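What follows is each chain in one-letter form.
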Amino acid sequence: MTPTLSALAERVSLISVSSTVKVAAEAGRLKREGVDVTDFSAGEPDFPTPDNIKQAAIQALADNFTKYTPVDGTIDLKRAICDRHSTDFGTSYGPNECVATVGGKHIIFNLMQVLVNPGDEVIIPVPYWVTYKDVVNFAYGKCIFVDTDESNGFAVSAEMIEKHITPRTKAVLINSPSNPSGAVLSDDEFRRILAVTASRGIWLITDECYSHFLYGDAKPYSIASEKGAKEAVIVAGSLSKTYAMTGWRIGDGLGPKAVIDGVIKLQSHMTSNPTSIAQKGAIEALRGPQESVQQMLAEYRRRREFVIPRLRQMPGVSCQNPMGAFYAYPNVRGAMSNLGISSSLEFAERLLKEAHVATVPGEAFGTEDHVRMSYAASMKELERGLDRLDNFIQQKKA
Ligand SMILES: Cc1ncc(COP(=O)(O)O)c(C=O)c1O
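Residues numbered from 1 in each chain as written. Predicted model: local features only at pLDDT ≥ 70, side-chain atom pairs only at ≥ 80, totals over all residues. Heavy atoms only, no water.

(A) Main features of the pairing of strand 4 (residues 142-146). Both strand 3 (residues 121-125) and strand 4 contribute to a ladder of five bridges, which runs parallel. The residue of strand 4 that forms the bridge with valine 122 is cysteine 143. Considered for its hand, the β-α-β crossover made up of strand 3, helix 5 (residues 130-138) and strand 4 is right-handed. (Pairing = 2+ DSSP bridges. Helix = DSSP H or I, 4+ residues; strand = E, 2+ residues; numbered from the N terminus. Right-handed = clockwise from strand over helix to strand, strands pointing away.)

Structure (structure tokens):
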């Protein structure tokens, strides 16, 4: 007898396919049909992985470094992760407080599985990275969303977080710089948040995916570097964006040994180790020359300086200045009402269908009036796409 659909486990109904992946798939489908799409949907550097990193992986293949490694990554990789974090942020993690994972998403998923009991609450500032909601739901946890103020650059404060704490709060999940808003927490505010969470025995999880991509005066910072923070903070890291290594799938977790051991236990039945040759590439990324990171940042800065003023000139569009990461998060409420569009989902769908520009609707990140546009695209693509967006908003023919 064929099992019925209801045979799927209940938890699968708690999550949906990532909207960013969905939009990228739709844009990909149109491209295969021959449509010339300008694609700003994916959060992916348009730069190739730096050559020294590629060479390290090629060498790993030549050396037959193609077998299982320890589940949590080789000791060399774990040392490289800890040393990089120490050099960049002044922390003092050792290999038994470190796990290498199959990308940054993997560590965040694993942490929720390891920390969250059914009904436990996880505090998440809005707008949030789309995956947070689903990974908390999949662990039968409850997302507690904290609204932020757009006119204040979507900044979250310790006070706002404190108001949402209950006896069921298990963790606060902070992503600074933020995907999608580009908001960057000040070091002082981060410290105040830690004071609130640590005094109540709540985990502070810091997603440092974009830590190196900052545009203002702020310097790369990790809350884990504060005195006494290590007991109460868990770092979720990723090499994907920093080193243009999205396809390699290397991320990491740094935290108290008991948490890391829990993640390793789960990983031992799930993925086992991250790909062996990708680990060798990651060691080179972390230990080798770091100039490429600054070069990419300089290019993102140049593009941001082009994109944000251009968006602000469009009728019915306003846009906060992103202080980090590589996304613009324009408010298109005015443009939507001019066009008789009632949701950002409809806006993004029509923009893709009619003007062939792929963006991600704000609904995916918990706000209704925005679309997310990645500016990790070439200047030429940005110019073309923004012209198309402008024409769409003004309903002009190109
Ligand atoms: C905020 C944030 N955290 C983590 C990740 C995970 O990246 P990856 O799984 O590619 O390492 C992403 C990727 O888009 C992200 O935007």
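(B) Seen up close, the pattern of salt bridges. Under the counting rule described, the total for this entry stands at 25 salt bridges. Notably, a salt bridge pairs aspartate 46 with arginine 303, separated by 2.9 Å at the nearest N-O pair. Separated by 257 residues along the polypeptide, aspartate 46 in the loop between strand 1 (38-39) and helix 2 (51-62) and arginine 303 in helix 10 (residues 291-312) bring together distant segments of the chain. For aspartate 46, a relative accessible area of 35% translates into the label partly exposed. Since its relative accessible area comes to 3%, arginine 303 is described here as buried. Glutamate 162 is the partner of arginine 200 in a salt bridge, and the nearest nitrogen-oxygen pair spans 3.1 Å. Taken together, the residues arginine 200 in the loop between helix 7 (187-199) and strand 6 (203-207) and glutamate 162 in helix 6 (residues 158-163) connect sequence positions 38 residues apart. Assessed through its relative accessible area of 42%, arginine 200 is described here as partly exposed. Taken together, the shared-partner salt bridges connect Asp36, Glu381, Arg384 and Arg388 into one network. (Salt bridge = Lys/Arg side-chain N within 4 Å of Asp/Glu carboxyl O. Buried < 20%, exposed > 50% of the residue type's maximum accessible area, 1.4 Å probe, protein only.)

(C) The arrangement of the nonpolar core in detail. Counting 84 residues, the largest nonpolar core has Ile174, Leu204, Val307, Leu311, Phe326 and Phe347 as the members making the most contacts within it. Among the elements that make up this core, the one with the highest residue count is helix 10 (seven residues). Discounting residues that sit within four places of it in the chain, valine 307 has contacts with Ala328, Met373, Tyr375, Leu382 and Leu386. In terms of nonpolar packing, the next biggest core, distinct from the first, is built from 34 residues, Leu115, Val259, Ile260 and Val360 among them. (Core = buried A, V, L, I, M, F, W, Y, C linked by side-chain atoms within 4.5 Å. Contact = heavy atoms within 4.5 Å.)

(D) The arrangement of the site of the ligand in detail. Gly104, Asn179, Asp207, Ser238 and Ser240 are the nearest of the 14 residues found near the ligand. Note that an oxygen atom of the ligand is positioned 2.7 Å from one of the side-chain N or O atoms of asparagine 179. In the environment of the ligand, a nitrogen atom lies 2.6 Å from a nitrogen or oxygen atom belonging to the side chain of aspartate 207. Considering only residue class, the shell around the ligand consists of four nonpolar, six polar and four charged. (Near = heavy atom within 4 Å. Polar contact = N/O pair within 3.5 Å; in protein donor to acceptor, adjacent residues only side chain to side chain. Nonpolar A, V, L, I, M, F, W, Y, C, P; charged D, E, K, R; others polar.)

(E) Spatial organisation of the pairing of strand 5 (residues 169-175). Counted residue by residue, strand 5 has six buried out of seven residues, so it is predominantly covered. Crossover strand 5 to strand 6 through helix 7 is right-handed.

(F) Summary view of the sheet that holds strand 11 (residues 360-361). Pairing in this open sheet of three strands is antiparallel, and the strands run 9-12-11 from one edge to the other. Two strands bound the open sheet, and with one partner strand each, they are strand 9 (327-328) and strand 11. Across two bridges, strand 11 lies against strand 12 (residues 371-374) in antiparallel orientation. Looking across to strand 12, one finds that proline 361 is bridged to valine 371.

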